[in-house]
Amino acid sequence: NQVNPILEEVVIKELASFMNKEGGKILIGVDDDGVPFGLERDYQTFKKNNLGFFRVHIINLFNIYFLYNLGKNANSCLDWSFHQIDGKEICLGTITPSPSPVYLTIKNDKKFYVRNNNTCQPYDVEDAFDYISKHWS
C-alpha cells in the first residue's frame, strides 16, 4: 500500500536488460508463479486510484532513469497495455531493442544490464565494452 522504490528499481533494471538485448515482455501485477494479484494495491498509492495514474507513474520512472541515455524518444521502446485476468487488472510491457546502449544511473552509480536467459545481468566495464562493440557495431 505504499510506493516501493526497491521494486521499482527491479522493474527498471529488467527494462534496461531487455532493451540491451532483443526486447521482451514484462508483466506487472503477476507473481513469479504466473498468478495474477492485480494492480489495485499499487493504485492506492496514487492521488487517483486508476490505471491512468499508474501508466503516468511508469512513464515518469522510465524518463527519470532513461531519458539521459535515450533522449526524448526513450518511451518509443516501450508499449504498455492493461488486461483483466481472473478479475485482476495487470500490466503488460512490451519492450523493443534499443538502437543504442542503455545505461542506468542508480544512486550516482552508472550500470549496464543485459538480459541473459531469464535473468537480468549487470556487466562490468570490460564485459559491457565487449558486448556493446559486438551488439551495436
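To be clear, the structure that these remarks concern was listed above.
Residues numbered from 1 in each chain as written. Predicted model: local features only at pLDDT ≥ 70, side-chain atom pairs only at ≥ 80, totals over all residues. Heavy atoms only, no water.

Chemist: Got a sec to walk through the overall build of the protein? Specific residues and values, please.
Modeler: Looking only at helices and strands, one finds 4 helices and 6 strands in the protein. When its helices and strands are written in sequence order, the protein yields α-β-α-α-β-β-β-β-β-α. Relative to the 2.2 N^0.38 estimate, which gives 14 Å for 137 residues, the radius of gyration of the protein is 15 Å and therefore close to what a compact globule would have. Dimensions of the protein, computed from the C-alpha atoms along their principal axes, are close to 45 × 30 × 25 Å. Across the 137 residues in the protein, those meeting the buried criterion constitute 38%. For the protein, the proportion of contacts with a sequence separation of at least 24, taken over those separated by at least 6, is 61%. Entry remark: accessible area of the protein is about 8,500 Å², with carbon and sulfur atoms responsible for 51%. Taking the average place of the 14 positive charges on the side chains of the protein and the average place of its 17 negative ones, the gap between the two points comes to 7 Å. (Helix = DSSP H or I, 4+ residues; strand = E, 2+ residues; numbered from the N terminus. Rg over C-alpha atoms; globule rule 2.2 N^0.38 Å. Buried < 20%, exposed > 50% of the residue type's maximum accessible area, 1.4 Å probe, protein only. Contact = heavy atoms within 4.5 Å. Areas by Shrake-Rupley, 256 points an atom, 1.4 Å probe, with all protein chains shown as cover. Lys, Arg positive; Asp, Glu negative; His and termini not counted. Charge placed at Lys NZ, Arg CZ, Asp CG, Glu CD.)

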